[in-house]
Amino acid sequence: SGLSQEAGSVEQLSLHCAEGSLEWLYPTGALRLRLAPRLPPTSAAVKGRSPLHVTACIKPTGTFRGAQLYLEREGGLELLLPEAPRPHARCFSWLPQEKVALFLQATPHPDISRRIAAFRYELRGDWLARPALPTASLGAEGACRPCNDTEILMAICTSDFVIRGSIRSVSNDAELQESIIGVSATRIHRQKFLLFQAGGRAGQPVGSIRTPLRCGVKPGPGTFLFMGWLHFGEAWLSCAPRYRDFQRIYEGAQRARQNPCEFPVD
């Protein structure tokens, strides 16, 4: 709470968790949040290499008021969240040896009405070459292109979810710049949380997967293998080959003994 701070003071905090949330009541002065995550294992770490970069994503609550959030890097400040921002996630990356911090500065107001500057955050290691994130701030200009064979084989081993199924619907959210793909699952190979639950025809599990609106996803027939990552509790797509194409790629890698992990193919 800012009620325990002096007007011009800067409170120092460290964020060590891979994900969490911060809530600042009655913002006064400033908070400097050092980003020092204890990173979970990644595909790079499994191979004995340190992550190529660290990624952070910040998502404000719908009631974010009373402060502005800046990224502090190399002595400069970059505005990430103005006061009363739109509820979009902002992501940025840095090299493991770089020193970065978040600077949350209270904005002056003539009254003492209740304001809360609150946001959720995710801190992760290298999210593969093509992270499934709804942002252009990571330089993910290739986020809409189909995955190549190597990316597909790695995605089945490392993704937060791997779902075989078909597209039921596609809806677009112009404000959030997101497309929501309704998926009916025929087989759940992996899901870290209960993303897909029974509720479709004949009790088939159904769920939704998001992708940037600019990718122009359209509904189409056939069976796909949907793979991707959890981002603030929502499923985001990274790869979605047709299942028959995945079978061909996997069986070819198996013959060449180049598949990075075992996967049930039928």
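Here, every reference points to the structure presented above.
Conventions adopted
- Sequence order as written defines residue numbering, which begins from 1 separately in each chain.
- Under the rules for a predicted model, residues below a pLDDT of 70 receive no local features and side-chain atom pairs below 80 are neither given nor counted, while totals for whole chains, interfaces and linings still include all residues.
- The basis for every side-chain value is the complete set of heavy atoms in the structure, and neither hydrogens nor water enter the calculation.
- Whenever a carboxyl oxygen of Asp or Glu lies within 4 Å of a side-chain nitrogen of Lys or Arg, that contact is scored as a salt bridge.
- Runs of H or I in DSSP of at least four residues are treated as helices and runs of E of at least two as strands, each being numbered from the N terminus.
- Under the scheme applied here, a residue whose accessible area is under 20% of the maximum for its type counts as buried, over 50% as exposed, and between as partly exposed, the area being computed with a 1.4 Å probe on protein chains only.
- Axis lines are fitted to C-alpha atoms, over the contacting stretch for helices. Their N-to-C directions set the angle, which ranges from 0 to 180 degrees.
- An angle counts as roughly parallel when it lies under 35 degrees, as roughly antiparallel when it exceeds 145, as roughly perpendicular when it falls between 65 and 115, and as oblique in every other case.
- Residue contacts are counted whenever heavy atoms from the two residues lie within 4.5 Å of one another.
- Polar contact is the term for a pair of N or O atoms within 3.5 Å; when the atoms are in protein, one must be able to donate a hydrogen and the other to accept it, and sequence-neighboring residues count only if both atoms are side-chain atoms.
- Pairing between strands requires that DSSP locate at least two bridges from one strand to the other.

Caption draft 1: Local environment of the pattern of salt bridges. Under the definition given, this model contains five salt bridges. Across the pair Arg-90 and Glu-78 runs a salt bridge whose closest N-O atoms are separated by 3.6 Å. Separated by 12 residues along the polypeptide, Arg-90 in strand S7 (residues 90-94) and Glu-78 in strand S6 (residues 76-81) bring together distant segments of the chain. Judged by relative accessible area, which is 27%, Arg-90 ranks as partly exposed. Each of the salt bridges in this network shares a partner with another, and the network as a whole consists of Glu-178, Arg-210 and Glu-234.

Caption draft 2: Layout of the packing of helix H2 (residues 149-158) against helix H3 (residues 243-255). Where H2 meets H3, the closest approach of the two axes is 10 Å, and the angle between their N-to-C directions is 85°. Taken together, H2 and H3 sit at an angle that is classed as roughly perpendicular. Contacts between H2 and H3 involve Asp-149, Ile-152, Leu-153 and Ile-156 on the former and, on the latter, Phe-246, Ile-249, Tyr-250 and Ala-253.

Caption draft 3: Representation of the side chain of Thr-107 within the structure. Residue position: Thr-107 is located in the loop between strand S8 (100-106) and strand S9 (116-124). At a separation of 2.9 Å, a polar atom in the side chain of Thr-107 contacts the side chain of Glu-83. At 3.2 Å, the side chain of Thr-107 forms a polar contact with the side chain of His-109. Leave out the neighbours within four places in its chain, and Thr-107 touches Gly-66, Ala-67, Gln-68 and Glu-83.

Caption draft 4: Broad picture of the pairing of strand S10 (residues 161-173). Note: S10 against strand S14 (residues 224-231), five bridges, orientation antiparallel. Following the sheet pairing, Ile-163 is matched in S14 by Phe-226. Sheet analysis places S10 next to strand S11 (residues 178-191), joined by 12 bridges and oriented antiparallel. Within S11, the position partnered with Asn-172 by the bridge is Ser-179. In this structure, the hairpin formed by S10 and S11 is closed by a connection of four residues, where Gln-177 is found at a positive phi of approximately 55°.

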